[in-house]
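What the coordinates show
Next come the chains, spelled out residue by residue.
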Amino acid sequence: MIEFEQVHKAYVVQGQPIPALQKTDLQIRRGEIFGLIGHSGAGKSTLLRLINRLEEPCGGRIMIDGTDVTALDAAGLRDFRRKIGMIFQHFNLLASKTVANNVAMPMKLAGEQSNAAIAQRVAELLARVGLSEHADKYPAQLSGGQKQRVGIARALATGPDILLCDEATSALDPQTTAQVLQLLAEINRELGLTIVLITHEMDVIRRVCDRVGVMDGGVIVELGDVADVFLHPQHETTRRFVQESDEDTLGSDEDWQQVQGSIVRLTFLGESTYAPVLGRIARETGIDYSILAGRIGRIKDQPCGQLTVALSGSAEQAVAAREQLQSAGVTLEVLRA
Amino acid sequence: MSNIDWYEIWLATLDTLLMMGGSLLFTVLLGLPLGVLLFLLGPRQLFAHRGAYAVLSLVVNVLRSLPFIILLIVMIPFTVLITGTSLGVAGAIPPLVVGATPFFARLVETALREVDRGIIEATQSMGANTRQIIWNAVLPEARPGIIAAVTVTAITLVSYTAMAGVVGAGGLGDLAIRFGYQRFQTDVMVVTVVLLLVLVQILQMLGDRLVVHFSRK
C-alpha cells in the first residue's frame, strides 16, 4: 500500500516557488492498477516521481508497505528503488546496449554477480513480454511497442512490488497502446504487482485501471472506482476528460428540442448491460421509448452502457418504468422532465 | 633539385606520431575525468554546484585561451620537473597535454550533456548510485560523442606539434618550418604538408568509422 500524508511539492523557478502538488492525501491499494489522469502541468508526473523519490517532497510523508520513504537515506533509497520498477513515455532504453543487456542492467546495478543467473532471468523476462527473438538487437532496431516491452521487462528485472508508468503509452499508436495495456493488466494479474500509471487519455484509464484520480492544478479533484468516475463524473475536469473520450456519443440538449416526452440517461453496469431490460419494461408498463444516443462498452473487464432515452407515456407509466429500471440495477438520471 | 632527405622525414614523422600518441594518451586519461567532473557540477546535473563549476570552468577557459607557443615556454620549469628535460619529444608532451586537456574536457562535457536526461532518470530509478550512473549509463551512451572528441583532439594535437620545434622536439611541422620555410626548400615543405594532411585524414576517417560503429542507430 502506498500512502501519501499531506505531501506537497513546489519547484523554485527564478526565486519564486511554483506549486506542483498541493497538500495531498492519497492511498493506493496493494495489487490494484491506479490511474492518474490530468493535463500536462496538472501535477501527476510530480506525484508519480514522489513515490520513488525521483522528486523530493517539500513536506509530508510517503509510506510504502510500512516504510517511510521520505525518511530513507541515500543508500536506503537506492535499495528501496529496486523494489519499484518504472517505465517511461520515451522508453529511456540505453541505445548503446542490446535488448538483453538493457534488461540485465537493473540486476547488474543491484550487484548480481552470476552471469548465468542474469541470463536466465533475462530470458524469462523477454519470454514474458514476447521478445525472446530480439534479445541481441539494439533498441534502435525495434518498433515503439517493442521498445516499451523491453522497458517493462527491464522494470520487472529486480522483481519489484510496484510498477510506475509515466505516460507509458502516450508515444504509441492506438493498436500498440492496446497491446501494451493488455500486457500491463496481465502482469498485474499474474504477479500481483501494484501499478500506478499516469496518462492524459481517459481511454487508458477505462481499459486497465481499477481506480482513478483526476488531477488539476496540483490537486486530486476526483477520486474513485473507474466505473463510478467514468459514468458519473462530478468535477468539471473529469467531465471534460470523459467527453473527450466519448466524442459526443451522449448527445446534447440542443439536439432534442423536437423530441417528445421526458429524457433520461440510463447507465447499465455489469450483467444488466446485456439484459433485455428496456424491451421488457416497455412491454410490461406500456411506456414508449426511443433511443437518442448511447454507447455500450467495457470498463476494464466490466461491461457497461449508457443510453439517452426519450420516454413517452402517462405519468403512472413513467413512475412504474423508473421503478422497474432501478430494480433491474440501472442508474437513471433525468435530463429533462 | 632534391633537398629531400627521406630518412630525416621518416624520423620527423616518427616524432610527430610519438608526440601525438603520447600526449593524446595523457590528455584522455586526465581530460575524461575532468570532463565528467565538469558535467556533474554543471547546472541542473547530479552534483550541480554553481561555485565549484564556475571555478573549474574559469581554469579550463584560462588554459584554453593561452596560445600554445606561450604555454610551451611558460611550462619549461614544470616540464623539467616531470620529465627531467625540457627538450625533445619528452619535453613537448607535458605542454601538449596541458594545452589539449581543457579542450578535450570541454568536448567530453558537451558529449555527456547530450545524453538524454531520461536515461539518467531511468538509471536512478533502478537504484543506481552516481558512480554507476556515470559508468554504466552516461559514458556508454556518450561513447560516440567521446570518440568524436578524441578524434578532434588528436587532430588538434597534430597541429600543436608543429610548434614543438621551439623546444627542439622535432616532428613534421618543425621540418616544414626549418627547411621548407627558413631555407626555402619548397619540396620539403610540400612533402611534410602532404604527410600531415594524410595523417589528419587517416585520424578523421578512423574516428568517424568508430563513431558509426558505436552509434547503434
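Remember, predicted model here, so these are calculated numbers, not experimental data.

What follows concerns the overall build of chain B. The secondary structure content of chain B amounts to nine helices and zero strands. Scanning chain B from its N terminus toward the C terminus, one meets helices and strands in the order α-α-α-α-α-α-α-α-α. Taken along its principal axes, the extent of the C-alpha atoms in chain B is 70 × 40 × 25 Å. Across the 217 residues that make up chain B, the buried fraction comes to 43%. In chain B, the proportion of contacts linking residues at least 24 apart, taken out of those at least 6 apart, comes to 71%.

Residue and element names in this part refer to chain B. Across the interface, helix 2 (residues 50-65) lies against helix 5 (residues 88-113) with an axial gap of 8 Å and an inter-helix angle of 130°. Our classification of the angle between helix 2 and helix 5 gives oblique. Considering the relative orientation of helix 2 and helix 5, their crossing is left-handed. Two secondary-structure elements touch here, helix 2 through V60, L63 and R64 and helix 5 through V98, P102, F103, A105 and R106.

Quick look at the sheet that holds strand 5 (residues 67-68) of chain A now. Residues and elements named next belong to chain A. Taken in spatial order, the four strands make up an open sheet running 2-1-4-5, and their pairing is antiparallel. Single-partner strands in this sheet number two, and they are strand 2 (16-28) and strand 5. Pairing of strand 4 (residues 59-64) with strand 5, which is carried by two bridges, proceeds in the antiparallel orientation. Within strand 5, the residue paired with I64 across the bridge is T67. Against the sheet, helix 1 (residues 44-51) contacts strand 1 (2-13), strand 2 and strand 4, and its axis sits at roughly 120° relative to strand 1.

Residues and elements named next belong to chain A. Across the sheet, which stays open at both edges, the six strands sit in the order 6-7-8-3-9-10 with mixed pairing between neighbours. The open sheet is flanked by strand 6 (84-88) and strand 10 (219-225), the only strands paired with a single partner. Pairs of neighbouring strands in the sheet enclose a mean axial angle of 15°, with direction left out of account. The sheet contact formed by strand 9 (residues 211-216) and strand 10 spans six bridges and is antiparallel. What sits directly across from G213, in strand 10, is L223.

All names here are of chain A. Per the domain assignment, the segments of chain A are domain 1 (2-244) and domain 2 (253-336). Computed over C-alpha atoms, the centres of domain 1 and domain 2 are 39 Å apart. In this complex, domain 1 contributes nine residues to the contact, which on the side of domain 2 involves seven residues. With four residues, helix 8 (residues 226-231) is the largest single contributor of residues to the side of domain 1 that touches domain 2. Residue composition of the side of domain 1 that touches domain 2, by class: six nonpolar, no polar and three charged.

So, about the environment of L269 of chain A. All names here are of chain A. Positionally, L269 belongs in strand 11 (residues 262-269). Classification of L269 by C-beta neighbours within 10 Å gives partly exposed; the count is 19. If we skip the residues at most four places from it in the chain, L269 touches A227, L231, Q302 and C304.

On to the interface of chain A and chain B. Taken together, the 20 residues of chain A in the interface contact 19 residues of chain B. Among the elements of the structure, helix 2 (74-81), strand 6 and helix 3 (99-109) of chain A are those that each provide at least two residues to the side of chain A that touches chain B. The residue makeup of the side of chain A that touches chain B, split by class, is 11 nonpolar, four polar and five charged.

Because an α-helix packs 3.6 residues into every turn, residues spaced three or four apart end up facing the same way. All names here are of chain A. Taking 1.5 Å as the rise per residue, helix 5 (residues 144-156) with 13 residues should run 18 Å; its terminal C-alpha atoms sit 19 Å apart, in good agreement. With respect to burial, helix 5 is a largely interior element, 10 of its 13 residues being buried. Along helix 5, the residues that are buried comprise K147, Q148, R149, V150, G151, I152, A153, R154, A155 and L156.

Attention now moves to the nonpolar core. Membership of the largest hydrophobic core comes to 143 residues, with the highest contact counts inside it found for V103, A153, L164, C165 and V196 of chain A. The element that contributes the greatest number of residues to this core is helix 5 of chain B, accounting for 14 residues. C165 of chain A has contacts with I87, L184, I195, V196 and L197 of chain A, leaving out every residue within four places of it along the chain.

Turning next to unusual backbone geometry. Residues and elements named next belong to chain A. Of note, F91 is a non-glycine position whose phi angle comes to about 70°, a positive value. Tracing the backbone shows F91 in the loop between strand 6 and helix 3. Its identity is not glycine, yet E167 carries a phi of approximately 50°, on the positive side. Along the chain, E167 turns up in the loop between strand 7 (162-166) and helix 6 (174-191). The buried category is assigned to E167, around which 20 C-beta atoms lie within 10 Å.

The next thing to look at is the packing of helix 10 (residues 277-285) of chain A against helix 11 (residues 315-327) of chain A. All names here are of chain A. Interaxial distance between helix 10 and helix 11 falls to 10 Å at its minimum, and their mutual angle equals 145°. In this structure, helix 10 crosses over helix 11, and the sense of that crossing is right-handed. Mapping the contact onto sequence places I281, E284 and T285 in helix 10 and Q317, A320, A321, Q324 and L325 in helix 11. For the contact of helix 10 with helix 11, the class distribution of residues is four nonpolar, three polar and one charged.

Procedures and definitions
- Residues numbered from 1 in each chain as written.
- Chains lettered and ligands numbered in written order.
- Predicted model: local features only at pLDDT ≥ 70, side-chain atom pairs only at ≥ 80, totals over all residues.
- Helix = DSSP H or I, 4+ residues; strand = E, 2+ residues; numbered from the N terminus.
- Buried ≥ 20, exposed ≤ 12 C-beta atoms within 10 Å, placed from the backbone.
- Contact = placed C-beta atoms within 7 Å.
- Axes fitted to C-alpha atoms, helices over the stretch in contact; angles between N-to-C directions.
- Parallel < 35°, antiparallel > 145°, perpendicular 65-115°, else oblique.
- Left-handed = near helix turned anticlockwise from the far one by under 90°.
- Pairing = 2+ DSSP bridges.
- Domains from an automatic or database assignment.
- Nonpolar A, V, L, I, M, F, W, Y, C, P; charged D, E, K, R; others polar.
- Expected span 1.5 Å × (residues − 1).
- Core = buried A, V, L, I, M, F, W, Y, C linked by C-beta atoms within 7 Å.

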